[in-house]
Structure formats: structure tokens, C-alpha cells
Amino acid sequence: MRAAILTLSDRCSTGERADGSGPALRSWLEEHGVTVTCTEVIPDEASLISEKLAAWSDSGSFDLILTTGGTGVSPRDVTPEATERVVDRVLPGFGEVMRAESLKKTPHAIISRAIAGIRKNTLIINLPGSPKGATENISFVWAAVPHAVAKLQGDPEECGTPLSK
Ligand SMILES: Nc1nc2c(c(=O)[nH]1)N[C@H]1C(S)=C(S)[C@@H](COP(=O)(O)OP(=O)(O)OC[C@H]3O[C@@H](n4cnc5c(N)ncnc54)[C@H](O)[C@@H]3O)O[C@H]1N2
Ligand SMILES: O=P(O)(O)OP(=O)(O)O
């Protein structure tokens, strides 16, 4: 699987704060056998985020794009809206599971509005901004990611497990 990581943070984009979440996600993915070929840090600007997600998806170079940051309720948190604007289909289950599992870690999890969706052949998943929130959330949904990527790219294999007798 080929992946890209997009960090959304005003402070990290100006160098005021070091990006801890992009590198944390990169390590997490590489430990899980994924090749990360592109990482970038940009500010919380909806048009920039949408343009970047569309360009990366349309390049055909990535099976998976993770975003980190901007999923909450601060005035400049616009990642879910910018993502929704460019995906062909939303995958509601990812956000549902991330919030349900994260609530077992912190009551603040309910604040994250993260979504996931598909654009062309690429799966895009929003994650919260902190290194802890980002890595916890990807771990909660990871079991479904390889199968989702295979299916969205046209894998014709039947995936129904026969009922045991
Ligand atoms: N499983 C978990 N889920 C959530 C957690 C968590 O710890 N575990 N945190 C919850 C919180 S709190 C919030 S709020 C929401 C929404 O988060 P956002 O996506 O809006 O995150 P930001 O406001 O962009 O960042 C929050 C906080 O994290 C630090 N930060 C942000 N970006 C970076 C970065 N690139 N490198 C290092 N640190 C970063 C910074 O202190 C920000 O103030 O998510 C819940 N879900
Ligand atoms: O990372 P920023 O600067 O976009 O802000 P926040 O601390 O709210 O994440």
C-alpha cells in the first residue's frame, strides 16, 4: 500500500510548532508495512486542503491518504468540510468507530468531526491533530483498511465468509 500524510496546522505550517503527528503516523504506518511516499504540512485553509487531497488522489500515486488536524470545533478547523467537498463517497463507519473507540480513552473524543471517504481509487481518512489522537484513531480502524482499499480498487473476490455448520 502506498500512502501520503497531510498535516493540517497553522502553527506547524509556519514552523512555530514542530509537526509531531505527521512523523508519528509515518512511523505507525511503516511499522504496519505501508510505504509512505509523501508528507506535507499546510495551514488550516479549506481551499488548500481540498486542492491537495484532489491532486494527490487524482495522481494515482496513493492508495491511502491520512490527514491529521483540524477535525474539531476551533474556528479554523475545516478538515472534514474540505474532505467532504472532494470525495465521491463518504464512508460513515470510519468516523463512527473512531469516535466510539476514542470515547473509551477521553471524553473529548466526541469533539472530533473526522470523516473518511473515497476519491477515485484513493481512501482518505481524517484523524485528530495530536500525535496521540492521530495514532490511536488509525489503530482503531486499521483492520478494515487493506480490505477497503482492495475493494475500492475493484477487487472482485467474494468477501462473504461462509457460515460454519
Ligand atoms: N483517540 C483520541 N481521540 C481524540 C483525542 C485523543 O487524545 N485521543 N483528542 C481529542 C481532542 S482533545 C480534540 S480537540 C479533537 C479534535 O482534534 P483536532 O483534529 O481539532 O486537533 P487540533 O485542534 O488540530 O489539535 C489538537 C492539539 O494537538 C496538538 N497538535 C495538533 N497538531 C499537531 C501536530 N501536527 N504536531 C504536534 N502536536 C499537534 C496541539 O496541542 C493541538 O492543540 O480530537 C479528539 N479525539
Ligand atoms: O495547530 P494549529 O496551529 O492549527 O492550532 P491547534 O493548536 O488548534 O491545533
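Given the structure is predicted, the values throughout are model-derived calculations rather than measurements.

Visitor: Would you mind going over the site of ligand 1 with me for this structure?
Guide: The local shell around ligand 1 holds 25 residues, among which Gly20, Thr71, Gly72, Ser102 and Glu136 are the closest. In the model, a nitrogen atom of ligand 1 is placed 3.4 Å from a nitrogen or oxygen of the Arg17 side chain. The side chain of Asp77 places a nitrogen or oxygen atom 3.4 Å from an oxygen atom of ligand 1. When the free accessible area of ligand 1 is taken as 860 Å², the share hidden by the protein chains comes to 75%.

Visitor: So what exactly am I meant to see when it comes to the environment of Ile49 here?
Guide: Within the fold, Ile49 resides in helix 3 (residues 46-58). Accessibility expressed as a relative area gives 0% for Ile49, which makes it buried. Separated by 33 residues in sequence, Ile49 and Ala82 have C-alpha atoms that sit 6.1 Å apart. Apart from residues no more than four positions distant in its own chain, Ile49 is found in contact with Leu8, Ile42, Pro43, Asp44, Val78, Thr79 and Ala82.

Visitor: For this particular structure, what's the right way to read the packing of helix 2 (residues 21-31) against helix 6 (residues 131-141)?
Guide: The packing of two helices is summarised by the inter-axis angle and the distance between the axes. Two elements in contact, helix 2 and helix 6, have axes separated by 8 Å at closest approach and are oriented at 30°. Put simply, helix 2 runs roughly parallel to helix 6. In this structure, the crossing between helix 2 and helix 6 has a hand that is right-handed. Contacts between helix 2 and helix 6 pair Ser21, Ala24, Leu25 and Trp28 from the former with Pro131, Ala134, Thr135, Ile138 and Ser139 from the latter. The class makeup of the residues in the contact of helix 2 with helix 6 is six nonpolar, three polar and no charged.

Visitor: Would you explain the packing of helix 3 against helix 4 (residues 79-86) in this entry?
Guide: The contact between helix 3 and helix 4 brings their axes to 8 Å, and the two run at 45°. Classified by the angle between their axes, helix 3 and helix 4 sit oblique to one another. Taken as a pair, helix 3 and helix 4 cross one another with a handedness that is right-handed. Counted together, Ala46, Ile49, Ser50, Leu53 and Ala54 of helix 3 and Thr79, Ala82, Thr83, Arg85 and Val86 of helix 4 form the full contact between these two elements. Across the contact of helix 3 with helix 4, the residue classes break down as six nonpolar, three polar and one charged.

Visitor: Teacher, can you tell me more about the site of ligand 2 here?
Guide: Around ligand 2, the surrounding shell consists of Ser9, Asp10, Arg11, Arg17 and Asp44. The contact in question runs from an oxygen atom of ligand 2 to an N or O atom on the side chain of Ser9, over 2.6 Å. A distance of 2.8 Å is found between an oxygen atom of ligand 2 and a backbone nitrogen or oxygen belonging to Asp10. Residues belonging to the shell around ligand 2 are distributed by class as follows: no nonpolar, one polar and four charged.

Visitor: Can you help me understand the sheet that holds strand 6 (residues 122-127) in this one?
Guide: Hydrogen bonds along the backbone pair up the strands of a sheet, which may run parallel or antiparallel. In space, the six strands of this open sheet follow the order 2-1-3-6-5-4, with mixed pairing throughout. Of all the strands in the sheet, just strand 2 (35-42) and strand 4 (89-90) have a single pairing partner and so form its edges. Two elements, strand 1 (residues 2-8) and strand 3 (residues 64-68), share five bridges in a ladder whose sense is parallel. Bridge pairing links Ala3 to Leu64 in strand 3.

Visitor: Please explain the side chain of Thr122 as it appears in this structure.
Guide: Examined against the element boundaries, Thr122 turns out to sit in strand 6. Judged by relative accessible area, Thr122 falls into the buried class, the value being 1%. Within polar-contact distance, the side chain of Thr122 engages the backbone oxygen of Phe62 at 2.8 Å. Not counting chain neighbours up to four residues away, the residues in contact with Thr122 comprise Ser57, Phe62, Asp63, Leu64, Ile65, Gly117 and Leu152.

Reading guide: rules and limits
- Residues numbered from 1 in each chain as written.
- Chains lettered and ligands numbered in written order.
- Predicted model: local features only at pLDDT ≥ 70, side-chain atom pairs only at ≥ 80, totals over all residues.
- Heavy atoms only, no water.
- Near = heavy atom within 4 Å.
- Polar contact = N/O pair within 3.5 Å; in protein donor to acceptor, adjacent residues only side chain to side chain.
- Areas by Shrake-Rupley, 256 points an atom, 1.4 Å probe, with all protein chains shown as cover.
- Helix = DSSP H or I, 4+ residues; strand = E, 2+ residues; numbered from the N terminus.
- Buried < 20%, exposed > 50% of the residue type's maximum accessible area, 1.4 Å probe, protein only.
- Contact = heavy atoms within 4.5 Å.
- Axes fitted to C-alpha atoms, helices over the stretch in contact; angles between N-to-C directions.
- Parallel < 35°, antiparallel > 145°, perpendicular 65-115°, else oblique.
- Left-handed = near helix turned anticlockwise from the far one by under 90°.
- Nonpolar A, V, L, I, M, F, W, Y, C, P; charged D, E, K, R; others polar.
- Pairing = 2+ DSSP bridges.

None of the figures reported here should be taken as evidence of function without further support.
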